[in-house]
Amino acid sequence: AVEPLIREALERLAPDVRTAEATKFGAYWTRSNDTEVDIVGVAQPNKPKRVELVGSIKWRQRELFSKRDLTLLMGAAPRVPGVDPATHVIGVSRSGFTQEARSTLNAVYEPKDLLGAWLRS
């Protein structure tokens, strides 16, 4: 239930250096549900030529965004049409990030970052 609010917050924050050129955010999943990506950001929503960023949302109360979460995201990302090697990879977490995840992701968002989306509007 929190995922649509997070995608809306990212849209409100855009343009933002952490979201590359993305201004519109959605999600991607296959019909068989074997691939799911929580955040997909594009610059041109009507005719996207490429995906600017992909990301994962982990809204757990006590568990950090971990290496396992990062591995799952990195495995799913190439399956999203329009993703290329320049596509940014981001993480959103309620409880923070492991050092490995933080240093590997192009950008991280925590609750304070997302709340700022409504404070600046």
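Report on the accompanying structure. The shown structure was predicted, so the numbers you read here are calculated from the model rather than taken from an experiment. (Residues numbered from 1 in each chain as written. Predicted model: local features only at pLDDT ≥ 70, side-chain atom pairs only at ≥ 80, totals over all residues. Heavy atoms only, no water.)

**Details of the pattern of salt bridges**
And step 1. Scanning the entire structure with this criterion turns up ten salt bridges.
And step 2. A salt bridge links Arg 18 to Asp 113; its shortest N-O distance comes to 3.8 Å. Placement of the pair is Arg 18 in the loop between α1 (3-13) and β1 (24-29) and Asp 113 in helix α4 (residues 111-119), with a sequence separation of 95 residues.
And step 3. Relative accessible area serves as the criterion here: at 26%, Arg 18 is assigned to the partly exposed category.
And step 4. For the salt bridge of Arg 60 with Glu 63, the shortest nitrogen-to-oxygen distance reads 4.0 Å.
And step 5. A residue is classified by how much of its surface remains accessible, and Arg 60, at 23% relative accessible area, is partly exposed.
And step 6. What you see here is one network of salt bridges that share partners, running through Asp 16, Arg 18 and Asp 113. (Salt bridge = Lys/Arg side-chain N within 4 Å of Asp/Glu carboxyl O. Helix = DSSP H or I, 4+ residues; strand = E, 2+ residues; numbered from the N terminus. Buried < 20%, exposed > 50% of the residue type's maximum accessible area, 1.4 Å probe, protein only.)

**Here's the deal with the packing of α1 against α4**
Geometry of a packed helix pair, given as the angle between the helix axes and the separation of the axes.
And step 1. The interhelical angle for the contact between α1 and α4, taken along N-to-C directions, is 60 degrees, at an axis separation of 8 Å. When the axis of α1 is compared with that of α4, the two are oblique. As for how α1 packs across α4, the hand of that crossing is left-handed. Residues Leu 5, Ile 6, Glu 8, Ala 9, Leu 10, Arg 12 and Leu 13 of α1 lie in contact with α4, whose contacting residues are Asp 113, Leu 114, Gly 116, Ala 117 and Trp 118.
And step 2. Grouping the amino acids of the contact of α1 with α4 by side-chain chemistry returns eight nonpolar, one polar and three charged. (Axes fitted to C-alpha atoms, helices over the stretch in contact; angles between N-to-C directions. Parallel < 35°, antiparallel > 145°, perpendicular 65-115°, else oblique. Left-handed = near helix turned anticlockwise from the far one by under 90°. Contact = heavy atoms within 4.5 Å. Nonpolar A, V, L, I, M, F, W, Y, C, P; charged D, E, K, R; others polar.)

**Brief notes about the pairing of strand β4 (residues 88-93)**
And step 1. Buried residues dominate β4, accounting for five of its six residues.
And step 2. Here three bridges tie β4 to strand β5 (residues 107-109), and the two strands are oriented parallel to one another. In the sheet register, Ile 90 faces β5, and the bridge partner there is Ala 107.
And step 3. At this point the chain moves from β4, through helix α3 (residues 99-104), to the parallel β5, and the crossover so formed is right-handed. (Pairing = 2+ DSSP bridges. Right-handed = clockwise from strand over helix to strand, strands pointing away.)

**With respect to unusual backbone geometry**
Negative phi is the rule for most residues except glycine; trans is the rule for most peptide bonds.
And step 1. Geometrically, the link from Ala 14 to Pro 15 is a cis peptide bond, its omega value of -5 degrees lying close to zero.
And step 2. With respect to the helices, strands and loops of the structure, Pro 15 is situated in the loop between α1 and β1.
And step 3. Backbone geometry at Ala 20 places phi at a positive 55 degrees, although glycine is not the residue there.
And step 4. Turning to its location among the elements, Ala 20 is positioned in the loop between α1 and β1.

**Here we look at the packing of aromatic side chains**
And step 1. Scanning the entire structure with this criterion turns up one aromatic pair.
And step 2. With a centroid separation of 5.2 Å and 40 degrees between ring planes, the pair formed by Phe 65 and Phe 97 is classed as tilted. Of this pair, Phe 65 sits in the loop between β3 (53-58) and α2 (67-76) while Phe 97 sits in the loop between β4 and α3, placing them 32 residues apart in sequence.
And step 3. The buried category is assigned to Phe 65, whose relative accessible area is 0%. (Phe/Tyr/Trp six-rings, centres within 6.5 Å; stacked < 30°, edge-to-face > 60°.)

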